[in-house]
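# Inside the fold
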Amino acid sequence: MKHPPRVLVCDDFAPLLASVAGSLRHAGFEVDTSATGIDSLARLRSAPYDVLVTDIWMPGMDGLSLMKLLTTEFPQLRVFAMTGGGPDFTVETAVSLAEVWGAERVFVKPFDEEQLVQAILDR
């Protein structure tokens, strides 16, 4: 039997981080959380993960910068992005950039977390 997907969720907004992580745990995934891109990168380098779910706009290393690093360092990692918009780009531009840098799908906040669960299960 294949192990449940191990997922790292990264978002600087604690209530959303807890909600997404809770939905994924409820679906049977092994879930760890991180509030920064830098911490997420350290976690990815120290333990194997199957999936990263990351916010795009965060202070410090944002999700786009994180995804750029991951395309070469962890090419097999499945990546899903979340965005509610940000100061530099429209939501549409953020979605396009996330897709360019490897996001399988981008969820615009607020979104139905069951859709994220299903997207991870679909393969």
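Residues numbered from 1 in each chain as written. Predicted model: local features only at pLDDT ≥ 70, side-chain atom pairs only at ≥ 80, totals over all residues. Heavy atoms only, no water.

## Digging into the packing of helix α1 (residues 14-26) against helix α5 (residues 113-121)
Helix packing geometry: the angle between the two helix axes and the distance between the axes. To be explicit about the condition: Here an angle of 0 to 180 degrees is reported between the N-to-C directions of two axes, which are lines fitted to C-alpha atoms, with helices fitted over the stretch in contact. Strands are runs of DSSP state E lasting at least 2 residues, helices are runs of H or I lasting at least 4, and numbering of each runs from the N terminus. The scheme is simple: roughly parallel for angles under 35 degrees, roughly antiparallel for over 145, roughly perpendicular for 65 to 115, oblique for anything else. Helix crossings are classified by the rotation of the near helix relative to the far one: an anticlockwise turn of less than a right angle makes the crossing left-handed, while a clockwise turn makes it right-handed. Contacts: residue pairs with any heavy atoms within 4.5 Å of one another. As a working rule, the residues Ala, Val, Leu, Ile, Met, Phe, Trp, Tyr, Cys and Pro are called nonpolar, Asp, Glu, Lys and Arg charged, and the rest polar, with Gly in that last group.
At a minimum axis distance of 9 Å, the contact between α1 and α5 shows a crossing angle of 50 degrees. With respect to α5, the element α1 is oriented oblique. Viewed along their axes, α1 and α5 form a crossing whose handedness is right-handed. Residues Leu16, Ser19, Val20, Ser23 and Leu24 of α1 pack against Glu113, Leu116, Val117 and Ile120 of α5. Residue classes in the contact of α1 with α5 are distributed as six nonpolar, two polar and one charged.

## Concerning the environment of Arg45
Positionally, Arg45 belongs in helix α2 (residues 37-46). As for Arg45 and Glu73, which are separated by 28 residues in sequence, their C-alpha atoms are 9.0 Å apart. Every residue in contact with Arg45, bar those within four places of it in the chain, is listed here: Glu73 and Phe74.

## Brief notes about the UniProt feature "modified residue: 4-aspartylphosphate" (unreviewed entry) in the chain
Basically, it comes down to this: UniProt positions are given in the numbering used here, feature names are shortened, and annotations may be inferred rather than shown by experiment. We call a residue buried when its accessible area falls under 20% of the maximum for its residue type, exposed when it is over 50%, and partly exposed in between, using a 1.4 Å probe and counting protein chains only.
The UniProt record annotates "modified residue: 4-aspartylphosphate" (unreviewed entry) at Asp55. Among the structural elements, Asp55 can be located in strand β3 (residues 51-55). Since its relative accessible area comes to 3%, Asp55 is described here as buried.

## A few points about the packing of aromatic side chains
Applied cut-off: Here a Phe, Tyr or Trp ring, Trp counted by its six-membered ring, pairs with any other such ring whose centre lies within 6.5 Å, and the pair is stacked when the planes are under 30 degrees apart, edge-to-face when over 60, and tilted otherwise. Two conditions define a charge sitting above a ring: the NZ of Lys or the CZ of Arg must be within 6 Å of the ring centre, and it must be within 35 degrees of the ring normal.
With the rule as written, the count across this model stands at one aromatic pair. With a centroid separation of 5.1 Å and an interplanar angle of 35 degrees, the aromatic rings of Phe107 and Phe111 are classed as tilted. Accessibility assignment for this pair places Phe107 and Phe111 in one class, buried. Sitting over the face of the ring of Tyr49, Arg6 holds its NZ or CZ atom 4.4 Å from the ring centroid.

## Some points on the pairing of strand β1 (residues 6-10)
Defined as follows: By the convention used here, strands pair only if DSSP detects at least 2 bridges between them. If you view a crossover with the strands going away from you and the path from the first strand over the helix to the second runs clockwise, you call it right-handed.
In terms of burial, β1 is a largely internal element, four of the five residues being buried. Bridge count for β1 against strand β2 (residues 30-34) is five bridges, and the pairing is parallel. Across the sheet, the residue bridging to Arg6 is Glu30, located in β2. Note that the unit made of β1, α1 and β2 has a crossover that is right-handed. For β1 and β3, the ladder comprises four bridges, and the chain directions are parallel. Counterpart to Leu8 in the pairing with β3 is Leu52.

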